[in-house]
Amino acid sequence: MNKNSRIYIAGGTGMVGSAIVRRLLAEGYYNIISNYHIKKPLASNLQPHTSGVNFVQLDLEIQNDVNDFFEHERPEYVFLAAAKVGGIYANNTYPADFIYNNLIIEANVLHSAYLYGVKKLLFLGSSCIYPRMAPQPMKEEYLLTGELEPTNEPYAISKIAGIKLCQSYNRQYGTKFISVMPTNLYGPNDSYDLMDSHVLPALIRKFHLANLLSQSKFDEIIKDLTRYGNAPSSLSYDGSSTSRAVASNVYPPTLIASLIDHLSKFGIKVSGSSPSVVASNLDPKSSIREASPSNLNPPTSNVFLEAWGTGTPRREFMYSEDMADACVFIMNLGDGVLASGLNPQTSNSFSSPSSLSPQTSIINIGTGEDITIRELTELIAEVVGYKGEIRWDASKPDGMPRKLLDVSLLHTLGWKHKTSIKDGLRLTYKDFLKNYDHP
Ligand code: NDP
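Since this is a predicted model, take the numbers as computed values, not measurements.

## Quick look at the environment of phenylalanine 55
Tracing the backbone through its elements, the reader meets phenylalanine 55 in strand E3 (residues 53-57). Placed 43 residues apart in sequence, phenylalanine 55 and glycine 12 show a C-alpha to C-alpha distance of 8.2 Å.

Below you can see the structure in the form of structure tokens.
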């Protein structure tokens, strides 16, 4: 890519897409276009470089609109970071949306990229494409060697279809479409919805809420539920008792009880008494803003956080800004490097008109390091400043004992991650707090 190349980031309002936009701007690229779908980009995420990027509204599920966009904008390089993304709950609840939306976005963008002569495209897949029983760490060659994890199979199948689309267009039309398989990602602009999000952002928010509850900061809890989602239907600012409570700083016991009960559904609980007993023990006027460790109300200082499983499974996490750096690095790899096929074990004998080797048409992106869920949970508690108890509910499923990507191909190509998990968590929590006040 040259600094004036026309670069399109599909999904530039998302966690990874916005990180790629920031990375490109920071490196001096200035001819960038991206799209928003429903959410407009947060201005605070792009400053101080907002001048080099133009956001337009586009629904990537509408084929004609995608075609018109490519015909009009003529991007030379494309980062395909738009997708329907979510955690286990969302995958389990909306399997049709996960397979349909992702298939159609990929098909529309990849076909238009071919039609309008895009020089190179990076398609973001996912590590969940690998078989659930794959040997660890997982190499690129394990694709399609076994059964997938059933909970997110529709999403994984759509991502595998995306990889196959890329490889097929490369074979038939000589395009340069590269699929990258990121590990679990986290960072600025993540989704903190407690029903739909991934484990790491959900834990950040739960610890934050647990802290607020243990300090009886009900005004802050209401602000959080309003800002990041999952507010109970009873919580409305429109002329309701909630807005009167917020305005007057007086929280009736019924409102407090319903908040405590609501948080308990997400594993943020108060030991001992029922929510209504806890609430009735609180003086509504003293249970707000000014609470400090010395005047904590005893009932809500018994807050604990319930975590799922035993905490022993091992998982890999990468900071999204590192992911963006890796994407820009791979996009800039010379054709010679990509054509050489660096991993002899994945060699494949089909002849391709593409200068892109089948060996480098899928590249794992990760840190190559994993930690236990218990270690991760304790690290997040430390970063968020949570000092309360964490109770492990071993009756809940653990999932696979280990999931780690083999990143030797990426390392051979010359890229390694830079951000430690602790530093990444600190930066992410800082962003979580910053966006509180800048919705
Ligand atoms: P986000 O949910 O944060 O962002 C998704 C982006 O896609 C948003 O900008 C969203 O816009 C856009 N989008 C979704 N549907 C449409 C549509 N119909 N038309 C236009 N835009 C649309 O996801 P991430 O940034 O976390 O993920 C980016 C990529 O990385 C995805 O392909 C994902 O599968 C992959 N990945 C992510 C991992 C993670 O841990 N987060 C792990 C592994 C892979 P809007 O919000 O307006 O709908």
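Next, the rest of the story.
## Structural notes on the packing of aromatic side chains
Per the stated rule, a full pass over the model turns up 14 aromatic pairs. Relative to tyrosine 173, the ring of tyrosine 114 has its centre 3.9 Å away and its plane inclined at 20°; by these criteria the two rings are stacked. Within this pair, whereas tyrosine 114 is found in helix H5 (residues 95-115), its partner tyrosine 173 is found in helix H6 (residues 153-173), the two being separated by 59 residues in sequence. A residue is classified by how much of its surface remains accessible, and tyrosine 173, at 38% relative accessible area, is partly exposed. Lying over the aromatic face of tyrosine 29, lysine 3 brings its terminal NZ or CZ to 4.3 Å of the ring centre. Directly above the aromatic system of phenylalanine 98 lies the positively charged group of lysine 84, at a separation of 5.2 Å from the ring centroid.

## Re the site of the ligand
Taken together, 28 residues lie around the ligand, and Thr13, Val16, Ile38, Tyr155 and Lys159 are the ones closest in. Within the backbone of isoleucine 38, one N or O atom sits 2.7 Å away from an oxygen atom of the ligand. The side chain of aspartate 59 places a nitrogen or oxygen atom 3.0 Å from a nitrogen atom of the ligand. For the ligand, whose unbound accessible area comes to 900 Å², protein coverage reaches 91%. Elements represented by at least two residues in the shell around the ligand include exactly helix H1 (15-26), H6 and strand E7 (184-186).

## Regarding the packing of helix H7 (residues 199-214) against helix H14 (residues 373-384)
The interhelical angle for the contact between H7 and H14, taken along N-to-C directions, is 45°, at an axis separation of 9 Å. It follows from the interaxial angle that H7 and H14 lie oblique. For the crossing formed where H7 meets H14, the hand is right-handed. Contacts between H7 and H14 pair Leu200, Leu203, Ile204, Phe207, His208 and Asn211 from the former with Leu376, Thr377, Ile380, Ala381 and Val384 from the latter. Residues of the contact of H7 with H14, tallied by class, amount to eight nonpolar, three polar and no charged.

Basis of the calculations
- Residues numbered from 1 in each chain as written.
- Predicted model: local features only at pLDDT ≥ 70, side-chain atom pairs only at ≥ 80, totals over all residues.
- Heavy atoms only, no water.
- Helix = DSSP H or I, 4+ residues; strand = E, 2+ residues; numbered from the N terminus.
- Phe/Tyr/Trp six-rings, centres within 6.5 Å; stacked < 30°, edge-to-face > 60°.
- Buried < 20%, exposed > 50% of the residue type's maximum accessible area, 1.4 Å probe, protein only.
- Lys NZ or Arg CZ within 6 Å of the ring centre and 35° of its normal.
- Near = heavy atom within 4 Å.
- Polar contact = N/O pair within 3.5 Å; in protein donor to acceptor, adjacent residues only side chain to side chain.
- Areas by Shrake-Rupley, 256 points an atom, 1.4 Å probe, with all protein chains shown as cover.
- Axes fitted to C-alpha atoms, helices over the stretch in contact; angles between N-to-C directions.
- Parallel < 35°, antiparallel > 145°, perpendicular 65-115°, else oblique.
- Left-handed = near helix turned anticlockwise from the far one by under 90°.
- Contact = heavy atoms within 4.5 Å.
- Nonpolar A, V, L, I, M, F, W, Y, C, P; charged D, E, K, R; others polar.

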